[in-house]
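Spelled out from the first residue to the last, the chains are:
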Amino acid sequence: MRIGCVLMASGEGRRFAAAAGPGAPMKLLAPLAGAPLVVRTARSVPPAFELVAATRWPDVAAALAPLGVRIAVPDGPRRSDSLRAGLAAGAGAWDGCLFLPGDQPLVSAESFAALAAALEGDPGRAHRLAWRGRPGSPVLFPRSSFPALARLRGGEGGAGLLRSGAVGAGLVEARRAEELLDVDVPDDLRAAERALRGGGTCDWRGEMP
């Protein structure tokens, strides 16, 4: 089974920028344990997943270049634009596609493997990482849902298909709560840094992606 992973890395990070103040790097390039946030996220993806980064930012593409990550350039700034660009990069070959936010760096190798195993066991549904029954990201979509994903427009992401019931979904429990943390503000980045350095767990607020 071939599974792609689209790293969603086209956001502007406005909340982060507003909280960080003038002169701060853009969110995806903010340093996390010695590497840009988006690079930390890309490094978390196991080799079994075929990684593509959907980004419209040349600096993000340059940061990912040493990792050999394929780049898909969206034709617009909206979430659906990035989703379609990433999906088009490998949809003809993939049996499933995982959409991973570029600011979610703590997903474990065990959780990636559990998501892939869930799709293999139940290829008719999407599978999303959760903590104690609360759904989050990333979400692994089956090949049968690709046409519906490709039709999305505007700011809507794949979660809209799950909420509407157009695509059924199962939950895969994460090993630790912090795996579902995404970085919205500098405090989140500091929490992720503590988790990476073994300084304790961090809170996940359970927000719908």
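Attention in this report is confined to the structure presented alongside it.

What counts as what
Residues numbered from 1 in each chain as written. Predicted model: local features only at pLDDT ≥ 70, side-chain atom pairs only at ≥ 80, totals over all residues. Heavy atoms only, no water. Buried < 20%, exposed > 50% of the residue type's maximum accessible area, 1.4 Å probe, protein only. Helix = DSSP H or I, 4+ residues; strand = E, 2+ residues; numbered from the N terminus. Contact = heavy atoms within 4.5 Å. Core = buried A, V, L, I, M, F, W, Y, C linked by side-chain atoms within 4.5 Å. Salt bridge = Lys/Arg side-chain N within 4 Å of Asp/Glu carboxyl O.

**Remarks on helix H4 (residues 79-88)**
Part 1 of the argument: Counting buried positions over the 10 residues of H4 gives eight, a clear majority of the element.
Part 2 of the argument: Among all positions in H4, only Ser-80, Asp-81, Ser-82, Leu-83, Arg-84, Ala-85, Gly-86 and Leu-87 are buried.
Part 3 of the argument: Elements in contact with the buried residues of H4: strand S1 (3-8), strand S4 (49-54), strand S5 (70-72), strand S6 (96-101) and helix H6 (146-150).

**Overview of the nonpolar core**
Part 1 of the argument: With 32 residues, the main nonpolar core has Leu-7, Val-38, Phe-49 and Leu-64 as its most contacted residues.
Part 2 of the argument: Those elements that provide at least two residues to this core are S1, helix H2 (37-43), S4, helix H3 (58-64), S6, helix H5 (109-121) and strand S7 (126-131).
Part 3 of the argument: Broken down by element, the residue count for this core peaks at six residues, all from H5.
Part 4 of the argument: Core analysis: the next-biggest nonpolar cluster, separate from the first, contains 22 residues, Met-8, Leu-83, Ala-91 and Val-167 among them.

**Considering the pattern of salt bridges**
Part 1 of the argument: Applying the stated rule across the entire model yields 11 salt bridges.
Part 2 of the argument: A salt bridge links Asp-75 to Arg-84, with the shortest nitrogen-to-oxygen separation between them at 3.6 Å.
Part 3 of the argument: The residue Arg-84 makes a salt bridge to Asp-81 at a minimum N-O spacing of 2.8 Å. Residue Arg-84 and its partner Asp-81 are both found in helix H4; the two are separated by three residues, about one turn of the helix. Like Asp-81, Arg-84 is buried.
Part 4 of the argument: Salt bridges sharing partners connect three or more residues here, namely Glu-12, Arg-14 and Arg-56.

**Description of the environment of Ala-30**
Part 1 of the argument: Relative to the elements of secondary structure, Ala-30 occurs in the loop between helix H1 (14-20) and strand S2 (31-32).
Part 2 of the argument: For Ala-30, a relative accessible area of 2% translates into the label buried.
Part 3 of the argument: Along the sequence, Ala-30 and Arg-56 sit 26 residues apart, while their C-alpha atoms lie 17 Å from each other.
Part 4 of the argument: In contact with Ala-30, other than residues within four places in its own chain, are Phe-16, Pro-25, Ala-35, Pro-36, Leu-37 and Leu-189.

**What about the environment of Ser-80?**
Part 1 of the argument: Along the chain, Ser-80 falls in helix H4.
Part 2 of the argument: Residues Ser-80 and Arg-153, 73 residues apart in the sequence, show an inter-C-alpha distance of 5.3 Å.
Part 3 of the argument: The contact partners of Ser-80, leaving out residues within four places of it in the chain, are Leu-152, Arg-153, Gly-154 and Glu-156.

**Structural notes on unusual backbone geometry**
Part 1 of the argument: The step from Ser-137 to Pro-138 runs through a cis peptide bond, and the omega angle for that step is 0 degrees.
Part 2 of the argument: In this structure, Pro-138 sits in strand S8 (residues 134-142).
Part 3 of the argument: Even without being a glycine, Ala-33 presents a positive backbone phi close to 50 degrees.
Part 4 of the argument: Checked against the element boundaries, Ala-33 lands in the loop between S2 and strand S3 (35-36).
Part 5 of the argument: Residue Ala-33 is classed as buried on the basis of its relative accessible area, which comes to 15%.
Part 6 of the argument: Phi angles above zero are rare outside glycine, and Arg-132 is one such case at about 50 degrees.
Part 7 of the argument: Structurally, Arg-132 is set in the loop between S7 and S8.

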